[in-house]
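# Architecture and fold: a report
Given next are the chains, with one letter for each unit.
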Amino acid sequence: MPTSFLKKQSLKPKITYPLIHHLFNGQSKRHFSPGKKIYTPDTHSDRVYYVREGTVQIYNLIEDKKLIKHLAFPNEMFGIEGLFKMPIHKNFAEPLKMDCLILSIGTTDFLTNMEKNRALSAEFFLQLGKRQSRLEKRLSSKALETSEYVVIEFLEELGERAGSLLGVEILVPFMPAHEDIANILGVSRQLVSATLSKLRNLNLIYYNRNKMIIRDFYGKILKYLDNKTLGKNREN
């Protein structure tokens, strides 16, 4: 059961990595618009990237179909293959639906700084561990919970990592395409569309192509999850 903002009256404080942030501050920066590749497979992984603004999708193509592996949000790194002695990238990276400001540093420089600063190394592995924990949580949820729950849990993740609290609502400044959500979660697009439609009909979320607003996750949706159904309406 989601716990971070389903049961609390405010978002959990976002985990920040001040030493990583400081290291990238002042490094090479570039703006990327949607459709512009940050890197592609078989290009040299000689730089490490950091999202300052926007959201980056890391994906591969299988029979010309996009398979999104994960998303990188502001204050998160990506493209770290070179740190593990993998000389080339295996995936594509590009902005998701909005312009991005991307900072980068040479792989060798990053490793040198990690060797000199154990606290920086700790931050790096903490961020890496968080990514692994999210993946494991998603896999276990798919095995143990309903498919609708997996979609709802993804909304929780979006709110926690990319959302801003506006009163009792959470604003996510973009809305992934239903097919992209399905690819990330390994479920059907129809399931994603049906779940989002149910939540919108219940006035628990609002979304369009540019944003999503999460409403009253503290109350009604928790009841629906407790009942293991989204469509069963109960009296307050």
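Please refer to the structure higher up on the page.
Residues numbered from 1 in each chain as written. Predicted model: local features only at pLDDT ≥ 70, side-chain atom pairs only at ≥ 80, totals over all residues. Heavy atoms only, no water.

## Concerning the overall build of the protein chain
Secondary structure assignment for the protein chain yields seven helices and eleven strands. The burial tally for the protein chain puts 44% of its 236 residues in the buried class. On the protein chain, roughly 12,300 Å² of surface is accessible, and the fraction owed to carbon and sulfur atoms is 51%. (Helix = DSSP H or I, 4+ residues; strand = E, 2+ residues; numbered from the N terminus. Buried < 20%, exposed > 50% of the residue type's maximum accessible area, 1.4 Å probe, protein only. Areas by Shrake-Rupley, 256 points an atom, 1.4 Å probe, with all protein chains shown as cover.)

## Quick word on the sheet that holds strand β2 (residues 47–53)
Two strands in a sheet stick together by hydrogen bonds in their backbones, pointing the same way (parallel) or opposite ways (antiparallel). Across the sheet, which stays open at both edges, the four strands sit in the order β1-β7-β2-β5 with antiparallel pairing between neighbours. Sheet topology places β1 (28–32) and β5 (77–78) at the edges, where each strand pairs with a single neighbour. Sitting on the sheet, helix α2 (residues 107–116) is in contact with β2, β5 and β7 (100–106), with an inclination near 70 degrees to β7. (Pairing = 2+ DSSP bridges. Contact = heavy atoms within 4.5 Å. Axes fitted to C-alpha atoms, helices over the stretch in contact; angles between N-to-C directions.)

## Section: the nonpolar core
Residues L185, L196 and M212 are the most contacted members of the largest nonpolar core, which totals 30 residues. Looking at this core element by element, the count peaks at seven residues for helix α4 (residues 147–162). Apart from residues no more than four positions distant in its own chain, M212 is found in contact with L155, L158, I170, L171, V172, F174, M175, Y206 and Y207. Counting 15 residues, the second-largest nonpolar core is a separate cluster that includes L83, I105, F110 and L120. (Core = buried A, V, L, I, M, F, W, Y, C linked by side-chain atoms within 4.5 Å.)

## Brief notes about the pairing of β7
Walk down a regular strand and you will see the side chains alternate between the two sheet faces. Taken across its seven residues, β7 has seven buried, putting it largely inside the fold. The two faces of β7 match: C100, I102, S104 and G106 on one face and L101, L103 and I105 on the other face are all buried. Direction of pairing for β1 relative to β7: antiparallel, over a ladder of five bridges. Bridged to K29 within β7 is L103.

## Comments concerning the pattern of salt bridges
Per the counting criterion, the structure on display carries five salt bridges. Linking K37 and E94 is a salt bridge whose minimum nitrogen-to-oxygen distance equals 3.3 Å. Of this pair, K37 sits in the loop between β1 and β2 while E94 sits in strand β6 (residues 92–95), and the two are 57 residues apart along the sequence. Judged by its relative accessible area of 8%, E94 falls in the buried class. When the shortest N-O distance is used, the salt bridge between K198 and E148 registers 2.9 Å. With K198 in helix α6 (residues 189–201) and E148 in helix α4, this pair connects stretches of sequence that are 50 residues apart. What makes E148 buried here is its relative accessible area of 19%. Each of the salt bridges in this network shares a partner with another, and the network as a whole consists of E76, E157 and R161. (Salt bridge = Lys/Arg side-chain N within 4 Å of Asp/Glu carboxyl O.)

## Some points on the packing of α4 against helix α5 (residues 178–185)
Where α4 meets α5, the axes come as close as 11 Å, and the angle between the chain directions of the two elements is 105 degrees. With respect to each other, α4 and α5 are oriented roughly perpendicular. For the pair α4 and α5, the contacting residues are V150, V151 and F154 in the first and I181, I184 and L185 in the second. Considering only residue class, the contact of α4 with α5 consists of six nonpolar, no polar and no charged. (Parallel < 35°, antiparallel > 145°, perpendicular 65-115°, else oblique. Nonpolar A, V, L, I, M, F, W, Y, C, P; charged D, E, K, R; others polar.)

Function cannot be inferred from these measures alone, as they are strictly geometric.
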